[in-house]
Amino acid sequence: MSSGGFASQNGAGGSYTNGPSQNPVGVYPSNQSFMAPPLPGYMNSLPTKGPPPAGPSCYSGNRHQPSPVGTPGALPASPSHRMGPPQASATPPPPSSYSQHPQQPSSWSGVTPAPAGNHVSPAPYASGTSTPPVFQNTMQPPAALQHAPPALNVMAPHQPYGPPPAFGPPAAMRGTPPPPVPPPTAVPPPPLAPHSEAGLYLAQPAQMNRPTGSSYPSLQPAYHSPPAPAPQQQQHYPQPSVSAAQLSPSLAAMSLQSQPPEALRVVNLLQERSLLPAGAVTPPAPCLPQDLQKLNCSPEVFRCTLTSIPQTQSLLNKAKLPLGLLLHPFKDLSLPVVTSSNIVRCRSCRTYINPFVSFVDARRWKCNLCHRVNDVPEEFMYNPVSRSYGAPHKRPEVQNATIEFIAPSEYMLRPPQPAVYLFVLDVSHNAVETGYLDVVCQSLLDNLDSLPGDTRTKIGFITFDSTIHFYNLQEGLSQPQMLIVSDIDDVFLPTPDSLLVNLNECRELVQDLLASLPQMFSRTMETQSGLGPALQAAFKLLSPTGGRMSVFQTQLPTVGIGALKPREEPNQRAPAKDVQNLSPATDFYKKLALDCSGHHVAVDLFLLSAQYCDLSSLGCISRYSAGSVYFYPSYHKQHNPSQTERFQKDLKRYLTRKIGFEAVMRIRCTKGLSMHTFHGNFFVRSTDLLSLANVNPDAGFAVQMSIEENLLDLQVVSFQAALLYTSSKGERRIRVHTLCLPVVNSLSDIFAGADVQAITALLASMAVDRSVTASLGDARDALINAAIDTLASYRSSVLSVQQPGLLAPACLRLFPLYILALLKHKAFRTSAGTRLDERVFAMCQLKCQPLAYLMLMVHPSLYRVDNLSDEGALNVSDRTIPQPRALQLSVEKLNRDAAFLMDCGTVMYLWIGRNCNPVFLTQVLGVDSYAAVPLNMNQLPELDTAESSRIRALIDWLRERRPFHPVLHIIRDESPLKADFMQNMIEDLSESALSYYEFLLHLQQQICK
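Some details on the environment of Glu892
Part 1 of the reasoning: Mapped onto the fold, Glu892 is located in the loop between strand 30 (879–881) and strand 31 (899–903).
Part 2 of the reasoning: Within the local environment of Glu892, its side chain forms a polar contact with the side chain of Arg273, the two groups lying 2.9 Å apart.

Here it is as structure tokens:
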């Protein structure tokens, strides 16, 4: 498979492919951008054929003269858009890696600068292909429509809906059935609404009113930007009975306005710098009728990179935007639960009935994915909510886009398994020295009663160093028995029936073992680690039932099968684009993970080490078994208390969170669309079926899509994800999410519906795959090309009047900033100080974190917190939560007279300025002066002051919104962590990438070639 494309899937396959490629991708020459299966006639240049035929538009109501669409002059014919190294600046960077560029003005609100080459001279692009790089079918996170209605709330919880009464509907109801509806006749679709040929919009002249080449005016650091539009009030409607059949006239009438919507407002990125919204970036709302949009799936669960789907693949190619889905399928939700002996599904494609099907009459419904007409079962005529008969369109399944079914017996291949937990613990000398064993044992003792499960729950323990230790916990023993197997080359189970025991029946023995384990190995001098044999033993123990294996490892495996050798020399870390050893050193861990997946065993890896552990090899055990990876570099209970705090909090969440066993997830889409690459931790069992031995509420997934057949006759398309799992209580359940999106035929509508955060997240996953299959340099170049190609396509194909400057639609105004943030992310940066394990873990996070948590890791949030007030605050559970405005990530925004909080997702920094107000120091930190702030302070004291209450309320609220525990570091200029804090100043020049200003100039230079 070509290294130029993203096509990794989890499963048995080559060294880097995660399984058999179910939708084969042809081999073609690699280039400098992400490549999906190439399509005829599309190699990064726009087709010369005319614009698509007229059709329904969600955004435009007037006609424009189309500009000719041909090969854009913005893109060269052969050289790729490689970005030069950071030293390409006209003057060398100052000693500080994070200072502003010497030529960068303190304010950007002005005119387009003189030719970019006078400011930054990137090295010429290495031409590796005869055509510019292709960027197809990559997904990015949503860039918010600022005027969009707020995100949908998850439906309120209900009592489980039971089946209808056994005796059927009352006789009175039977006697008055709904009036018969004649069978449908073939009716041609209504005529399409008039629409502009190419959906072109003029750049607003008011934003381009400065002559090219004039100097920047001197402005205050708070850059001028137009005020954000006021949010629209969302109207409330009664629950509709809307069907896809009714969408054609609805969408055809949706010519909203003669002026372009806010999403298509033209933004000159070189003139407007204050682009960040005051709060969170809002996902764009699909352009659907209001009553239908109210039924749509929440963007927190199901999200598409494009909220308007192109009619054809060629139209998608012209937009140079990726098409894909982001899912958070097992998110903690309160949702309706339906109990039924007959789950209504399409007889052809097996789609679950959902709010976007259409009822032909009272007895038949039409599938919204394959369009087959199905009969409505008699049982479905009864509504358990209203306890009425004859209104199937009011059933909860047709009123909720996210719903859960309790599955009947035909959804079980075997009786539902019990909750089974096996803990595999490293007890070598290095492990005991870190002190992690005390934390694990104490956390288990504290949370034994909170482990998800029922009376059948089983638990077991294995410890290992150069030998393997089993523990007999059989009921009736006075104390646990340790059984040692020293022959690690031929592992066997000494007493198979007493190593996994019922937790309720053997609770006292389990508690005795946990209390004594830390002392049992406190004097060990064994330094070897036989992780591979221990995993083999654990697999043999769990394979009959399935379950969860929790592995704690503190060093590189050194003996037995799966032993590894160091592949990183600390003094020879690659400073450039040729980072090596991102791929596994052995396939042992992948093969074992596939065996585990086949027996419904998931492996979660906790890596606690100060030394290199080869996470790129060890991580395979979790990646292919649908497990999770946790990484705590430099962990030590005494020397690194902040890591210990994080480990304790993460472990508590891990032990007590909801879990699904022996799960599978299938993703379906409307006929004409297809999926070709998945991202996340799983095994691909078939084209659209993911095997998840365990599923947890903190796991995210992504999938790339393409348009195989034209969607010319459709006004909407639908996507459905169905997750079948066994709950910890032994119930077989099906959680179904359905998303409906409009189909459009103009480039302007496609761009207006672009979700910038979803696009960024999908690109990040694709870049991780490219780093492994090709090189880190290729991945970085492809990210840059993604921004160049998209903005060039917007300029050449959507704007009818060409203006100077770097232009972007408002919905993609943050796209270049997010791409630069990825280039400076630990996964892709080129600095020599990045440890290999830390880089690999960052890549793991990008692949499997849900979008909401991922974006903070890519682009942190910065707030000023020394002047918090109750103005605009939120009231949550009788608490007042201040809402400070998010600031740009630049040193320029810091002030020595203030204090700033940076939220990086997994870690928070509270930076104290040297001249910070003494009142803040006293009332928040409890110290008298700046010099009295400790260098390694990790917690805020609970002081009885208004200032202390406000900042602690803000930090607690931010922490509660994610499942993991971000550690807080209070730092000042002399703190050792100041460099980590400054490294997150994405808009400033650093050793791994240009400043934001230089990066924009680079993009402009490439687009205008």
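We are not done yet, so read on.
Focus on unusual backbone geometry
Part 1 of the reasoning: Although it is not a glycine, Lys320 adopts a positive phi angle of roughly 55 degrees.
Part 2 of the reasoning: Within the secondary structure, Lys320 sits in the loop between helix 4 (313–319) and strand 4 (324–327).
Part 3 of the reasoning: Here the phi dihedral of Asp878 falls at roughly 65 degrees; this positive angle occurs in a residue that is not glycine.
Part 4 of the reasoning: Within the element layout of this structure, Asp878 appears in the loop between strand 29 (874–876) and strand 30.
Part 5 of the reasoning: Overall, Asp878 belongs to the exposed group, its relative accessible area being 86%.

What about the packing of helix 15 (residues 776–797) against helix 16 (residues 815–823)?
Part 1 of the reasoning: Across the interface, helix 15 lies against helix 16 with an axial gap of 10 Å and an inter-helix angle of 175 degrees. Put simply, helix 15 runs roughly antiparallel to helix 16. Taken together, the residues of helix 16 that come into contact with helix 15 (itself represented by Arg780, Leu783, Ile784, Ala786, Ala787, Thr790 and Leu791) are Phe815, Pro816, Ile819, Leu822 and Leu823.
Part 2 of the reasoning: The residue inventory of the contact of helix 15 with helix 16, partitioned by class, reads 10 nonpolar, one polar and one charged.

Examining the sheet that holds strand 4
Part 1 of the reasoning: Strand order in the open sheet formed by four strands is 2-4-24-21, and the pairing between neighbours is antiparallel. Of all strands in the sheet, those with a lone pairing partner are strand 2 (302–304) and strand 21 (673–679), marking the two edges. When strand polarity is set aside, the average angle formed by the axes of neighbouring strands in this sheet is 25 degrees.

Observations regarding helix 22 (residues 996–1007)
Part 1 of the reasoning: The end-to-end C-alpha distance of helix 22, which contains 12 residues, comes to 16 Å, matching closely the 16 Å that a straight helix rising 1.5 Å per residue would cover.
Part 2 of the reasoning: In terms of residue burial, helix 22 counts as a mostly covered element, since 11 of its 12 residues are buried.
Part 3 of the reasoning: For helix 22, the complete set of buried residues consists of Tyr996, Tyr997, Glu998, Phe999, Leu1000, Leu1001, His1002, Leu1003, Gln1004, Gln1006 and Ile1007.
Part 4 of the reasoning: Looking at the packing, one finds that the buried side of helix 22 touches helix 15 and helix 16.

Focus on the packing of aromatic side chains
Part 1 of the reasoning: Evaluated as defined, the whole model comprises 22 aromatic pairs.
Part 2 of the reasoning: Consider the rings of Tyr436 and Phe552, whose centres lie 6.0 Å apart with planes at 20 degrees: the pair is stacked. With Tyr436 in helix 6 (residues 436–447) and Phe552 in strand 17 (residues 547–553), the pair connects residues that are 116 residues apart, well separated along the chain.
Part 3 of the reasoning: On the accessibility criterion, Tyr436 (0% relative accessible area) is buried.
Part 4 of the reasoning: Here Phe552 falls in the buried class, since its relative accessible area comes to 1%.

Quick word on the confidence of the model for the protein chain
Low pLDDT marks stretches whose predicted atomic positions should not be read closely.
Part 1 of the reasoning: A residue-level look at the protein chain finds 73% of positions with pLDDT of 70 or above and a mean pLDDT of 78.
Part 2 of the reasoning: Predicted confidence is poor over residues 1–57, with pLDDT under 50, and the contacts of this stretch with residues over four places away or in other chains come to 199 contacts.
Part 3 of the reasoning: For residues 248–258, every residue scores under 50 in pLDDT, and the model assigns this stretch 24 contacts once sequence neighbours within four places are set aside.

Focus on the nonpolar core
Part 1 of the reasoning: Counting 186 residues, the largest nonpolar core has Leu325 and Phe719 as the members making the most contacts within it.
Part 2 of the reasoning: In terms of nonpolar packing, the next biggest core, distinct from the first, is built from 39 residues, Ile459, Tyr471, Leu473 and Leu608 among them.

Here's the deal with the sheet that holds strand 32 (residues 907–912)
Part 1 of the reasoning: If you trace the four strands from one edge of the open sheet to the other, you get 28-31-32-33, paired in mixed fashion. For this open sheet the edge positions go to strand 28 (861–864) and strand 33 (967–971), each flanked by a neighbour on one side alone. Strand-to-strand twist of the sheet, defined as the mean angle between neighbouring strand axes without regard to direction, takes the value 15 degrees.
Part 2 of the reasoning: Where strand 31 and strand 32 come together, five bridges link them in antiparallel fashion.

Details of the side chain of Ser628
Part 1 of the reasoning: Tracing the sequence through the fold places Ser628 in the loop between helix 11 (620–623) and strand 19 (629–633).
Part 2 of the reasoning: At 3.5 Å, the side chain of Ser628 forms a polar contact with the side chain of Asn696.
Part 3 of the reasoning: Not counting chain neighbours up to four residues away, the residues in contact with Ser628 comprise Val603, Asp604, Leu605, Ser622, Arg657, Asn681 and Asn696.

Concerning the pattern of salt bridges
Part 1 of the reasoning: For the structure shown, the criterion picks out 33 salt bridges.
Part 2 of the reasoning: Several salt bridges converge on common partners, so that one network encompasses Arg896, Arg914, Arg972, Asp973, Glu974 and Lys978.

Overview of helix 6
Along an α-helix, residues three or four positions apart point the same way, because every turn accommodates 3.6 residues.
Part 1 of the reasoning: Between its first and last C-alpha atoms helix 6 spans 17 Å; for 12 residues at 1.5 Å apiece the expected length is 16 Å, and the two agree.
Part 2 of the reasoning: Taken residue by residue, helix 6 has Tyr436, Leu437, Val439, Val440, Cys441, Ser443, Leu444 and Asn447 as its buried positions.

Some thoughts on the pairing of strand 26 (residues 732–744)
Part 1 of the reasoning: Most of strand 26 is tucked away: 13 of the 13 residues are buried.
Part 2 of the reasoning: Across five bridges, the pairing between strand 11 (residues 402–406) and strand 26 is antiparallel. Bridging from a neighbouring strand, Glu404 pairs with Arg735 of strand 26.
Part 3 of the reasoning: Here strand 25 (residues 716–727) runs beside strand 26; their pairing, made up of 11 bridges, is antiparallel.

With respect to the pairing of strand 19
Part 1 of the reasoning: Taking burial as the measure, the five residues of strand 19 include five buried ones, the bulk of the element.
Part 2 of the reasoning: Of the two faces of strand 19, the one holding Val629, Phe631 and Pro633 and the one holding Tyr630 and Tyr632 are both buried throughout.
Part 3 of the reasoning: Here strand 18 (residues 601–609) runs beside strand 19; their pairing, made up of five bridges, is parallel. If you follow Leu605 over to strand 19, its bridge partner there is Val629.

Parameters at a glance
Residue numbers run consecutively from 1 along every chain, following the written order of its sequence. Reporting of local features is limited, given that this is a predicted model, to residues whose pLDDT is at least 70; pairs of side-chain atoms are given and counted only at 80 or more, and all residues count toward the totals for whole chains, interfaces and linings. For the side-chain quantities, the full set of heavy atoms in the structure was used; hydrogens and water were omitted. Strands here are runs of E lasting at least two residues and helices are runs of H or I lasting at least four, both read from the DSSP assignment and numbered beginning at the N terminus. Counting of polar contacts relies on pairs of N or O atoms within 3.5 Å, with two restrictions inside protein: one atom must be capable of donating a hydrogen and the other of accepting it, and residues adjacent in sequence are counted only when both atoms are side-chain atoms. Relative accessibility under 20% of the residue-type maximum defines a buried residue, over 50% an exposed one, and the middle range a partly exposed one, all with a 1.4 Å probe and only protein chains included. Here, axes are lines fitted to C-alpha atoms. For helices the fit covers the stretch in contact, and angles between N-to-C directions go from 0 to 180 degrees. Note that the term roughly parallel is reserved for angles under 35 degrees, roughly antiparallel for angles over 145, roughly perpendicular for angles of 65 to 115, and oblique for everything else. Contacts are residue-level and defined by heavy atoms, with any inter-residue pair within 4.5 Å sufficient. Residues were grouped as follows: Ala, Val, Leu, Ile, Met, Phe, Trp, Tyr, Cys and Pro as nonpolar; Asp, Glu, Lys and Arg as charged; and all remaining residues, including Gly, as polar. Strand pairing is assigned whenever DSSP detects at least two bridges linking the two strands. Expected helix span is computed as 1.5 Å times (number of residues minus one). Centre distance within 6.5 Å is the pairing criterion for rings of Phe, Tyr and Trp, where only the six-membered ring of Trp is used; planes under 30 degrees apart are then read as stacked, over 60 as edge-to-face, and the remainder as tilted. pLDDT expresses how confident the predictor is about each individual residue, on a scale running from 0 to 100. To form a nonpolar core, buried Ala, Val, Leu, Ile, Met, Phe, Trp, Tyr and Cys residues must be joined to one another through side-chain atoms within 4.5 Å. Definition used for salt bridges: Asp or Glu carboxyl oxygen within 4 Å of a side-chain nitrogen of Lys or Arg.

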